[in-house]
Amino acid sequence: MVSVEFEQVNKQYEDGFQAVQNLTLDIKDKEFLVLLGPSGCGKSTTLRMLAGLEDVTGGNIRIDGMKVNHLPAGARGLGMVFQSYALYPHMSIHDNLSFGLRMMKGTDKLDGNEISKRVKEIAQLLELDDHLDKKPKELSGGQRQRVALGRALVRRPKVLLMDEPLSNLDAELRHQMRNEIRRLHDELGTTTIYVTHDQIEAMTLADRIAILDKGELQQHCAPMEAYHNPANDFVRSFLCKHIDDLVDTANALFKKPEEVNE
Amino acid sequence: MTNSDDMRWWYVPLEIVMLRRWLVAAFIMNVLLLAVDYLRAESDLLLLGIISCLLFAALRASLPNVNDTLRRDISLVLSAALLGIAVYRLLRTDPTIFNIWIHCWSLLPSGLTLFWLSGRPVTVWTSRKLSDSAIEYGLMRNANLSKIYHATSTHITLLHFVAITVIPLIWIIDIAFSEGNALGGQIGDSFTTEHFSKILNGDSFWTWFRNSLIVSIGTALLGLFIAIPAGYAFSRYKFTGRDASMFSFLLVQMFPGIIILVPYFMVMKTLGLLNSHLGLILAYCVTALPLCVWMLKGFFDTIPRELEEAAALDGCNQFQVFTKVVLPLSTPAIAVTALFSFLAAWNEYLLALTFNTSNDMYTLPVGLASLISSTGQAWGDFAAASLLVSLPVALLFLFFQKFLIDGLSAGGVKG
Ligand SMILES: Nc1ncnc2c1ncn2[C@@H]1O[C@H](COP(=O)(O)OP(=O)(O)OP(=O)(O)O)[C@@H](O)[C@H]1O
Ligand SMILES: [Mg+2]
């Protein structure tokens, strides 16, 4: 059982900027939560506080009920996929994947056989078998993306964090990877927090979405519920109106030829 | 209609295009070369040289335009005159390589101008209204030839640079292998290895060599040991006095070495570090550090922070993040920095001369200088020793070449 709770979490950067305000949020076991909001609303900040890359300036973050505010990043048992992938350029794909396993400490420490078994497993799952000896710069964007995903998953993280993992891919590949991420989640059941500013991505992936604006939580519920019952004007315009506009555009586009025929 | 008129204006035979540039170069070179005639105090040749320069300027100004036979004829006359003067000047001087090279700078441009201006493409271009197909052909010809002409001019320029660097070297090599210790004589007129054997068999050279090696390697290692953490801290952390200390690093560099020489000497004397390797190593580190720290900071700045964050999430502590991710990525920059401080120490003369009073502690540059004064201008020995000193450096460069290029074109971590 994995659960994550944010209790009244605040983040104020050194320059005094309040990036996150009184955020209270809970993520259930095996849930796929999407953090959605416009650029600069504090999504990445929230995720990075949970990951331990950014100090919390107020409130508590709990994983499995335990307060982790001051736990080092590596000790929290999380996996993270960065927008820029952040693969280690000097290591082969195999070493990129196994690095986290080799760094495990204490009772988690793994022996060589177990490490190579796990790397093989994850490489198979993500169809990376043929590329294990290559360096990251020899891979395509989509493959790098999968390595980044694999590197986060291979440690069997309690929670998988993804910060706009698909924004560097072209539309076709994004669509494909989106399906793959959801499939992986259903297969592995890893609790996942996914950050995006793309409404469609959020709607298709999420079990629940948390909509943020200016560092404050606007609504936290199932995606369809947010669409049908927006909590306030911001959600109405950012989510509902945006999707309606998209649908209208699409409809207009496909109606035209028929009208001409008539 | 307008189209082909436009083309008529646009089309200039490549010969003219090249001459417009090359004649400027020829003019500048000839002006510079006047200095040779001046130094040789040959007044009539100097006068001819000045006339040549003026003629080159006139020739460049009179290069023809389209449908301009008059200017073409003037140019032809000018270049013929230039060619005549050049041949006369060549015949007047001794036929050494240097003289021939000098006169090539007026011979070749004037000859080429004469040849090209009287050639068919320019003749047709200046005398007639070209048909469309002729222009099309001319443009194609330009495109094909321009690569060759550009390559030629690039190579001539590069050859000059190579000569500038290589000739002194050849000179030194020749002196080192010539008999006797005097300067002069033709290149390659005698051959002996006496200077080398004398130096290599003497005790002093190897003592100096050892001293230089210890001091230079010590400087490189100690320098890296301090500069790597310092550069990393400057690149990654914010702390009080960060900017001030970065600036103060530069401040030290603003003074010429001779100003800090006396304070250095006092410090070393108080610490009892005169005539010791450590004293020199410390002094060299202080001088080399600012640049090393700045260079490494610049490189660390190009390593994305996210890489370190990923490593932190993979379970590394701060030290492991540094050793397992940052350091391996920085090898090129570290190699360049090490090489830099090594060379600075290897070639340094002033401090080494001041701090060390005994022959046992001399480094190579100091030892070599003593060779000249003590044995009375032993140029042959000196040249041989210089070559022996440069050899390790040359080898080092050869070995580090790949790193150097990587290190200088830093920021290769993206993607
Ligand atoms: N190190 C920092 N110091 C000061 N302010 C910061 C810092 N990092 C982020 N901010 C500010 O905090 C706010 C939230 O940043 P954050 O990166 O969380 O946005 P985001 O929601 O992820 O946006 P995007 O979709 O563009 O990535 C922004 O207004 C940003 O300017
Ligand atoms: Mg972000």
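Everything quoted here is computed from the prediction, not taken from an experiment. (Residues numbered from 1 in each chain as written. Chains lettered and ligands numbered in written order. Predicted model: local features only at pLDDT ≥ 70, side-chain atom pairs only at ≥ 80, totals over all residues. Heavy atoms only, no water.)

Draft legend 1. Up close: the overall build of chain A. When helices and strands are tallied, chain A shows 8 helices and 10 strands. Against the 2.2 N^0.38 benchmark of 18 Å for 262 residues, chain A shows a C-alpha radius of gyration of 20 Å, consistent with a compact globule. Its C-alpha atoms put chain A at 70 × 50 × 35 Å along the principal axes. Burial analysis of chain A (262 residues in total) assigns 52% to the buried set. Long-range pairs, those at least 24 residues apart, make up 67% of the contacts in chain A with a sequence separation of at least 6. Accessible surface, chain A: about 12500 Å² in total, of which carbon and sulfur atoms supply 49%. A distance of 6 Å separates the average location of the 33 positive side-chain charges in chain A from that of its 40 negative side-chain charges. (Helix = DSSP H or I, 4+ residues; strand = E, 2+ residues; numbered from the N terminus. Rg over C-alpha atoms; globule rule 2.2 N^0.38 Å. Buried < 20%, exposed > 50% of the residue type's maximum accessible area, 1.4 Å probe, protein only. Contact = heavy atoms within 4.5 Å. Areas by Shrake-Rupley, 256 points an atom, 1.4 Å probe, with all protein chains shown as cover. Lys, Arg positive; Asp, Glu negative; His and termini not counted. Charge placed at Lys NZ, Arg CZ, Asp CG, Glu CD.)

Draft legend 2. Quick peek at helix H5 (residues 97–118) of chain B. All names here are of chain B. Helix length check: H5, at 22 residues, gives a terminal C-alpha distance of 30 Å against a target of 32 Å (1.5 Å per residue), a fit within 8%. If you look at H5, its biggest bend is around 40°, right at Cys104. Buried residues of H5: Asn99, Ile102, His103, Trp105, Ser106, Leu107, Pro109, Ser110, Thr113, Trp116 and Leu117, and no others. Where H5 is buried, its residues touch helix H2 (14–40), helix H3 (43–61), helix H4 (69–92), helix H6 (120–127) and helix H7 (132–177). (Expected span 1.5 Å × (residues − 1). Bend = angle between axes of the 7 residues up to and from the residue.)

Draft legend 3. Molecular detail of the interface of chain A and chain B. Of the residues lining the interface, 23 residues belong to chain A; the matching set on chain B comes to 17 residues. At the boundary of chain A with chain B, total buried surface from both sides reaches about 1800 Å², with 62% on carbon and sulfur atoms. Put simply, chain A and chain B have 1 salt bridge between them. In this structure, the connection of chain A to chain B is made through 10 residue pairs in polar contact (both at pLDDT 80 or more). Put simply, the parts of the chain that give the side of chain A that touches chain B at least two residues each are helix H1 (43–51), strand E6 (78–81), helix H2 (93–102) and helix H4 (141–153) of chain A. (Buried area = accessible area lost by both parts, 1.4 Å probe. Salt bridge = Lys/Arg side-chain N within 4 Å of Asp/Glu carboxyl O. Polar contact = N/O pair within 3.5 Å; in protein donor to acceptor, adjacent residues only side chain to side chain.)

Draft legend 4. Highlighting the environment of A:Val195. Residues and elements named next belong to chain A. Looking at where Val195 falls in the secondary structure, it is placed in strand E8 (residues 191–196). Its relative accessible area of 0% is what places Val195 among the buried residues. In the structure, Val195 is positioned 44 residues away from Leu239 in sequence and 15 Å away in space, judged by C-alpha atoms. Setting aside anything within four residues of it in sequence, one finds Val195 in contact with Leu35, Lys43, Leu47, Met162, Asp163, Glu164 and Pro165.

Draft legend 5. Quick look at the domain arrangement of chain A. All names here are of chain A. Annotation of chain A at the domain level lists domain 1 (1–77 + 157–230) and domain 2 (89–156). Domain 1 and domain 2 are separated by 24 Å when their C-alpha centres are compared. Summed over both partners, the interface of domain 1 with domain 2 comes to about 1100 Å²; 69% of that surface belongs to carbon and sulfur atoms. By the criterion of area lost to domain 2, the three top residues of domain 1 are Pro157, Met177 and Leu184, representing 39% of everything that side buries. Where domain 1 touches domain 2, the interface holds 0 salt bridges. (Domains from an automatic or database assignment.)

Draft legend 6. Layout of the domain arrangement of chain B. Residues and elements named next belong to chain B. The domain architecture assigned to chain B consists of domain 1 (3–177) and domain 2 (194–414). With centres defined by C-alpha atoms, the gap from domain 1 to domain 2 works out at 47 Å. Each partner contributes residues to the interface: domain 1 has 5 residues there, and domain 2 has 7 residues. In total, about 480 Å² of surface goes out of reach between domain 1 and domain 2, with carbon and sulfur atoms giving 86% of it. Contact with domain 2 buries area across many residues of domain 1, yet Ile172, Ile175 and Ala176 alone supply 75% of it, more than any other trio. The interface formed by domain 1 and domain 2 contains 0 salt bridges. On inspection of domain 1 and its partner domain 2, the count reaches 0 residue pairs in polar contact (both at pLDDT 80 or more). Class assignment for the residues of the side of domain 1 that touches domain 2 results in 5 nonpolar, no polar and no charged. (Nonpolar A, V, L, I, M, F, W, Y, C, P; charged D, E, K, R; others polar.)

Draft legend 7. A look at the packing of aromatic side chains. According to the stated counting rule, one finds 22 aromatic pairs over all chains in the structure shown. Centre to centre, the rings of B:Phe177 and B:Phe196 are 4.9 Å apart; their planes meet at 35°, and the pair counts as tilted. Remark: B:Phe196 occurs in helix H8 (residues 194–201) and B:Phe177 occurs in helix H7; sequence separation between them is 19 residues. You can call B:Phe196 buried: its relative accessible area is 13%. Through pairs of rings, three or more aromatic residues link up here, namely B:Phe205, B:Trp206, B:Phe209, B:Phe342 and B:Trp346. One residue, A:Arg151, lies across the ring of A:Tyr88, its end atom 4.7 Å from the ring centre. (Phe/Tyr/Trp six-rings, centres within 6.5 Å; stacked < 30°, edge-to-face > 60°. Lys NZ or Arg CZ within 6 Å of the ring centre and 35° of its normal.)

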